[in-house]
Amino acid sequence: MSDWVQGTLGDLITLQRGFDITKAAQSEGPYPVVSSGGIASFHDQFMAKGPGVVIGRKGTLGTAFFIPEDYWPHDTTLWVKDFKRNDEKFIYYLLKSIPLERLDSGSANPTLNRNYAHLLKVAAPRPAVQEKISAVLSTLDAKIDVNNRINAELEALAKTIYDYWFVQFDFPDANGRPYKSSGGPMVWNDTLKREIPAGWEVRTLGTIISRAGTGLNPRDHFVLGKGNNYYVTIKNVTNGRIFLDDKCDRIDDEAMAVIDRRSQLRAGDVLFTSIEPVGVTYLIQEKPTNWNINESVFTIRPDTDMVSSEYLLMLLSSSEMKVFTRNSSAGSIHKGIRHSVLKSFALAYPGRRLVDEFSSLLRPMLQKTDNLDKQNRELTRLRDWLLPLLMNGQVRVS
């Protein structure tokens, strides 16, 4: 630890309160406006030169953001006005490793006082060592970012193909040409109030799935907060993603078994959130071994004689389904949708042959996104394990 110097955070950096600006006062431009939750918008002016580091001051406390370009730090943040010749990325990771939210000085609204933050006892190595530490962590973050961008592109491509085939009806015809654009016959359908390809039929969701179930609420069934398994709620599901992290509640093996008897999760099922935000989806590629769902998440299983998991996922994620669930959701406190209502969703069914052709295109794409998600979870675990060890000098970088 001879390279490390003990001191206060104020010895390393100077934090400054951000600058107030309303949404109405902003003009579209290239400079990010960074609030306590991250980049909130873009403006044609900046107040701080990049690279910079911003942390949440109000509302979301202490969350750190690294901003590579010039930016506008919002009044809800603190920004590093002076790095005092320290490595910017190292300071970013150092701030991420400090539980700044514990310095809440607000009464009703959580607030981080920079004067309190400046007094925190910290240790830091000389800048040359700082750069080596930040390079290790930055490499992991860069790989995670690349994987996320690949997944975003694959998801956008999957949506484009689905819309092209099943919304615009320009699936490949017998000659490989776009069906509708090439003059393929269309017929009016009174149920859907639109033209659909000749030979297609109208079905409801309930006729192309074999099961729609849910998870289980703890109540008298099991206890949350203990065990090595994750209890997934709508907070942990985003389109195409399951977040198994410290924000998830935990359950033990006995609780897992209790929930599994109700949810019966299998590979190929599609998760669908049933309360706001309604309609967030996730395709289960492998039967879960360390997580299960609560009662606000549906598990929907395709009737494999009719459709594939890939087609069902894209149908449940489609813009038509989002409109349907928005118009069909009910509830005074939390709007939601029931099984019976969801099953009544009407669609133009193309037949199994076209579903199979579509699925053969999507299957490797969805498997790729799932593999990259798994890789990111491992990289995130490695980064989060290394972060405190590197920040306190327990692990040295040669």
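Summary of the structure given here. Everything numeric here is computed off the predicted structure, so don't read it as measured data.

This paragraph deals with the overall build of the protein. Secondary structure assignment for the protein yields nine helices and 22 strands. With the C-alpha coordinates aligned to their principal axes, the bounding extent of the protein is approximately 75 × 50 × 45 Å. Relative to its 398 residues, the protein shows a buried fraction of 49%. Contacts in the protein between residues far apart in sequence, at least 24 positions, make up 69% of those at least 6 positions apart. For the protein, the accessible area works out to roughly 19900 Å², and carbon and sulfur atoms hold 51% of it. When the 49 positive and 46 negative side-chain charges of the protein are each reduced to one mean point, those points stand 2 Å apart.

Cis peptide bonds are those with omega within 30 degrees of zero, and the linkage from G50 to P51 qualifies with -5°. Among the secondary structure elements, P51 is positioned in the loop between β4 (38–43) and β5 (52–56). Look at the link from E276 to P277: it is a cis peptide, with omega at -5°. Structurally, P277 is set in the loop between β18 (270–273) and β19 (281–283). Its identity is not glycine, yet K193 carries a phi of approximately 60°, on the positive side. Non-glycine residue Q264 carries a positive phi angle of around 50°. Look at Q264 and you get partly exposed, because its relative accessible area is 35%.

Attention now moves to the nonpolar core. Counting 43 residues, the largest nonpolar core has L205, I208, Y311 and F358 as the members making the most contacts within it. When near neighbours in sequence (up to four residues on either side) are disregarded, Y311 contacts Y162, F166, I208, L347, A348, P350, V355, F358 and S359. Residues L9, F83, L94 and L379 belong to the second largest nonpolar core, which totals 36 residues.

Taken together, three strands build an open sheet; the order of strands is β4-β3-β7 and the sheet is mixed. The sheet is open, and its two edges are formed by β4 and β7 (72–73), each paired on a single side. Bridging between strand β3 (residues 31–35) and β7 involves two bridges; their strand directions are parallel. Paired with V33 across the two strands is W72, which belongs to β7.

Going through the model one piece at a time under the given rule, you end up with 21 aromatic pairs. Members of the aromatic cluster, connected to one another through ring pairs, are Y162, W165, F166, F169, F171, Y179, W200, Y311 and F358. In this arrangement the basic side chain of K89 is found over the ring face of F66, its NZ or CZ atom lying 4.6 Å from the centre. Taking the ring centre of Y349 as reference, the NZ or CZ of R203 above it sits at 5.7 Å.

Calculation criteria
- Residues numbered from 1 in each chain as written.
- Predicted model: local features only at pLDDT ≥ 70, side-chain atom pairs only at ≥ 80, totals over all residues.
- Heavy atoms only, no water.
- Helix = DSSP H or I, 4+ residues; strand = E, 2+ residues; numbered from the N terminus.
- Buried < 20%, exposed > 50% of the residue type's maximum accessible area, 1.4 Å probe, protein only.
- Contact = heavy atoms within 4.5 Å.
- Areas by Shrake-Rupley, 256 points an atom, 1.4 Å probe, with all protein chains shown as cover.
- Lys, Arg positive; Asp, Glu negative; His and termini not counted.
- Charge placed at Lys NZ, Arg CZ, Asp CG, Glu CD.
- Core = buried A, V, L, I, M, F, W, Y, C linked by side-chain atoms within 4.5 Å.
- Pairing = 2+ DSSP bridges.
- Phe/Tyr/Trp six-rings, centres within 6.5 Å; stacked < 30°, edge-to-face > 60°.
- Lys NZ or Arg CZ within 6 Å of the ring centre and 35° of its normal.

By themselves, these observations are geometric and do not establish any function.
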